[in-house]
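The residues making up each chain are set out below.
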Amino acid sequence: MTRTPFDQFSKQFLEQFLTPLGEVHITQEVPGEPRLVDVYFTPSTQPVIDPASLGLLGRMATIPCLIEPFRNAPSATEVRNCLLKLLLVHADLHRQANRQGQRVADQDLPHLWVLAPSASDAFLEGLKAEANEDWRPGVYWLGRTFKTAIVAINQLPKTEETLWLRILGRGAVQEQAIAEVLAFPVDDPRRGSVLQLLVNWKISLELTGEIEQEEQSLMATLSQAYLEWEQQTEQRGIERGERSLILRLLTRKVGEIPDTARSQIEALSITQLESLGEALLDFRAIADLDTWLRTQQ
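Remember, predicted model here, so these are calculated numbers, not experimental data.

Peer 1: Help me out: how do you make sense of unusual backbone geometry in this one?
Peer 2: What is expected of a backbone is that most residues other than glycine have negative phi and most peptide bonds are trans. For Lys 128, which is not glycine, the phi dihedral falls at a positive 55°. Tracing the backbone through its elements, the reader meets Lys 128 in the loop between helix 4 (121-127) and strand 5 (130-131). Residue classification places Lys 128 among the exposed residues on the basis of a relative accessible area of 54%. The backbone phi angle of Lys 147 is positive, close to 50°, even though this residue is not glycine. Its place among the elements puts Lys 147 in the loop between strand 6 (139-141) and strand 7 (148-152).

Structure below.
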């Protein structure tokens, strides 16, 4: 069950961005005493997008894994609980393989990624978690046997490669990541996806009243995202309505519109649509439309 608005946001975010790379299960129950994994990911052999496009998150998603995002810095007990879930998943995979007379190779067992907004030196020392030169700063690995890493999001380099993890951070780290996403081109689909998720999170925070003092600044950033999302949604609605109207008028003026011409009309800007709306009044045949479209290329 979702416990906080951040739980819901982080799970929806990871599901949204990892689904093109493989199979995502949210709040996956593990065997034994009822326990739920926040995100259980299995990579696809033919991902829809290149994992590299998601930077560090995409690299993490090249192997089966459990992902446990935390809004606040996790305690040692919380990390132990995450490890327990990982070990229960491993044990269940071994049981399933034994029933089928097979074996699970060690490299095929899922890893555990604990996403922490921050991690103190004392906390990492207690876990014997150490940096690895093959990974970016901020990623700390437990002993190889445990297949577990702590990602201290506030220590990640502020680059596009880490953006999709920094969005799950806290305070100034998260605010900067959101600002970077807002700076994407308006037609970038990743921008629209993140805006929608941020809007949902903002609404959840307002409904539950779970807004801490530290998050007041974040709420201002989310309000900006919400306003942009509303404006984009309204603009897309206007454009869809205008395109639909012009296509109906064209059909009445010159007859059925060929698929090629229809595709060209779908690609027109709002300014070009307005010009077409004026020009079509003088059309007499489909050839007039073809001639007009050629002038727009």
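Peer 1: Before we go on, may I ask you to explain helix 1 (residues 5-18) in this structure?
Peer 2: Given a rise of 1.5 Å per residue, 14 residues ought to cover 20 Å, and the 20 Å separating the end C-alpha atoms of helix 1 matches this to within 8%. Counted residue by residue, helix 1 has 10 buried out of 14 residues, so it is predominantly covered. Residues of helix 1 that are buried: Pro 5, Phe 6, Asp 7, Phe 9, Ser 10, Lys 11, Phe 13, Leu 14, Phe 17 and Leu 18.

Peer 1: Honestly, the environment of Asp 121 in this entry has me stumped. Any pointers?
Peer 2: Relative to the helices and strands, Asp 121 resides in helix 4. Residue Asp 121 is classed as exposed on the basis of its relative accessible area of 66%. Between the C-alpha atom of Asp 121 and that of Gln 8, which follows or precedes it by 113 residues, the distance is 29 Å.

Peer 1: I keep staring at the packing of aromatic side chains and nothing clicks. Help me out?
Peer 2: Within a pair of aromatic rings, the relevant descriptors are the distance that separates the centres and the angle that separates the planes. Using the criterion set out here, one finds 10 aromatic pairs in the structure. Arranged with centres 6.0 Å apart and planes meeting at 75°, the rings of Trp 164 and Phe 184 form a pair that is edge-to-face. Highlighted residues: Trp 164 in helix 5 (residues 163-166) and Phe 184 in the loop between helix 6 (171-182) and helix 7 (189-208), separated in sequence by 20 residues. Judged by its relative accessible area of 13%, Phe 184 is buried. Three or more aromatic residues joined by ring pairs make a cluster, and in this case those are Phe 6, Phe 9, Phe 13, Phe 17, Trp 164, Phe 184 and Trp 201. Across the ring face of Trp 135, the terminal group of Arg 59 is positioned such that the distance to the ring centre comes to 3.7 Å.

Peer 1: I tried to follow the pattern of salt bridges on my own but got confused; where do I start?
Peer 2: Any two side chains of opposite charge can pair, on the condition that their charged atoms come close. For the coordinates displayed, the defined rule picks out eight salt bridges. Between Asp 38 and Lys 11 there is a salt bridge whose closest N-O contact spans 3.7 Å. In this pair, Asp 38 sits in strand 2 (residues 35-43) while Lys 11 sits in helix 1, placing the two residues 27 residues apart along the sequence. Judged by its relative accessible area of 5%, Lys 11 falls in the buried class. A salt bridge links Lys 147 to Asp 106, with the nearest nitrogen and oxygen atoms 3.3 Å apart. In this pair, Lys 147 is assigned in the loop between strand 6 and strand 7 and Asp 106 in the loop between helix 3 (76-99) and strand 4 (111-116), connecting sequence segments 41 residues apart.

Reading the values: the criteria
Within each chain, residues carry numbers counting from 1 in the order of the written sequence. pLDDT decides what is reported in this predicted model: residues at 70 or higher carry local features, side-chain atom pairs at 80 or more are listed and counted, and totals for whole chains, interfaces and linings draw on all residues regardless. Hydrogens and water are ignored here; the side-chain numbers use all heavy atoms of the structure. Secondary structure elements are defined from DSSP: runs of H or I of at least 4 residues count as helices, runs of E of at least 2 residues count as strands, and each element is numbered from the N terminus. The rule is simple: take the accessible area with a 1.4 Å probe, protein chains only, and divide by the maximum for that residue type; under 20% is buried, over 50% is exposed, in between is partly exposed. In this analysis, the expected span of each helix is defined as 1.5 Å times one less than the number of residues it contains. Note on ring pairs: Phe, Tyr and Trp rings are taken, using the six-membered ring of Trp, and paired if centres are within 6.5 Å. Classes follow the plane angle, with under 30 degrees stacked, over 60 edge-to-face and the rest tilted. A positively charged side chain is recorded as over a ring if its NZ (Lys) or CZ (Arg) lies within 6 Å of the ring centre. The angle to the ring normal must also be within 35 degrees. We define a salt bridge as a side-chain nitrogen of Lys or Arg found within 4 Å of a carboxyl oxygen belonging to Asp or Glu.

Spatial relationships are all this shows, so hold off on functional conclusions.
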